[in-house]
Amino acid sequence: MMQSKHKKTYISALRDSHYEFIKGIKDVSIITFAKKEQFSSLNQVYILSSVKVNNQHKNVISILYPEQMKITNKIKEI
């Protein structure tokens, strides 16, 4: 499990990656940023935001896998 002293560093890195990913989407406007942050039981951390792209609502989810030091960012249809 993730050590608590590193949680803030991990979350900060995940939030930064999440924001940079959203900024890179063409014609995006942020509706809610990081409306949900959660540590899952599978040793993952995720952030969910709502955005609008070309007048369509979408969710952006970013997942951090601390043991692998990997972050994935995805856009999902609502």
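Residues numbered from 1 in each chain as written. Predicted model: local features only at pLDDT ≥ 70, side-chain atom pairs only at ≥ 80, totals over all residues. Heavy atoms only, no water.

Participant: Please give an account of the sheet that holds strand β1 (residues 28–39) that cites residues and values.
Facilitator: Ordered by their spatial adjacency, four strands build an open sheet running β1-β2-β3-β4, and the pairing between neighbours is antiparallel. Of all strands in the sheet, those bounded by a partner on one side alone are β1 and β4 (70–77). Strand after strand, the sheet turns through a mean of 20° between neighbouring axes, direction not considered. Summarising the sheet, strand β2 (residues 45–53) and strand β3 (residues 56–65) pair through nine bridges and their orientation is antiparallel. Bridging from a neighbouring strand, V53 pairs with Q56 of β3. (Pairing = 2+ DSSP bridges. Helix = DSSP H or I, 4+ residues; strand = E, 2+ residues; numbered from the N terminus. Axes fitted to C-alpha atoms, helices over the stretch in contact; angles between N-to-C directions.)

Participant: Explain a nonpolar patch on the surface to me, and be specific about the residues and the numbers.
Facilitator: Taken together, the side chains of Y19, I30 and F33 define a hydrophobic patch exposed on the protein surface, amounting to about 250 Å² of accessible area. In this fold, I30 is placed in strand β1. (Patch = residues over 30% accessible without salt bridge, like charges linked within 9 Å, V, L, I, M, F, W, Y side chains within 5 Å. Areas by Shrake-Rupley, 256 points an atom, 1.4 Å probe, with all protein chains shown as cover. Salt bridge = Lys/Arg side-chain N within 4 Å of Asp/Glu carboxyl O.)

Participant: Pulling in residues and values, what's your account of unusual backbone geometry?
Facilitator: Even without glycine at this site, A34 takes up a positive phi of about 50°. Within the secondary structure, A34 is located in strand β1. Look at N55: it is not a glycine, yet its phi comes out positive at around 65°. Along the chain, N55 turns up in the loop between β2 and β3. The class of N55 is exposed, set by a relative accessible area of 66%. (Buried < 20%, exposed > 50% of the residue type's maximum accessible area, 1.4 Å probe, protein only.)

Participant: Break down the nonpolar core for me, citing the residues and quoting the values.
Facilitator: Grouped together as the largest cluster of nonpolar side chains are six residues: Y10, L14, A34, V45, I47 and L64. Mapped by element, the contributors of at least two residues to this core are α1 (4–23) and β2. Ignoring anything within four residues of it in the chain, the contact list for L64 reads Y10, L14, N43, Q44, V45, K70 and I71. Listed in part, the five residues of the second largest apolar core include I22, I25, V53 and V60. (Core = buried A, V, L, I, M, F, W, Y, C linked by side-chain atoms within 4.5 Å. Contact = heavy atoms within 4.5 Å.)

Participant: I'd like a rundown of the pairing of β3, residues and numbers included.
Facilitator: The buried fraction of β3 is high, at seven of ten residues. Hairpin remark: β2 followed by β3, antiparallel, with two residues in the connecting loop; positive phi at N54, about 50°. Two elements, β3 and β4, share eight bridges in a ladder whose sense is antiparallel. Within the sheet, the bridge partner assigned to S62 lies in β4 and is N73.

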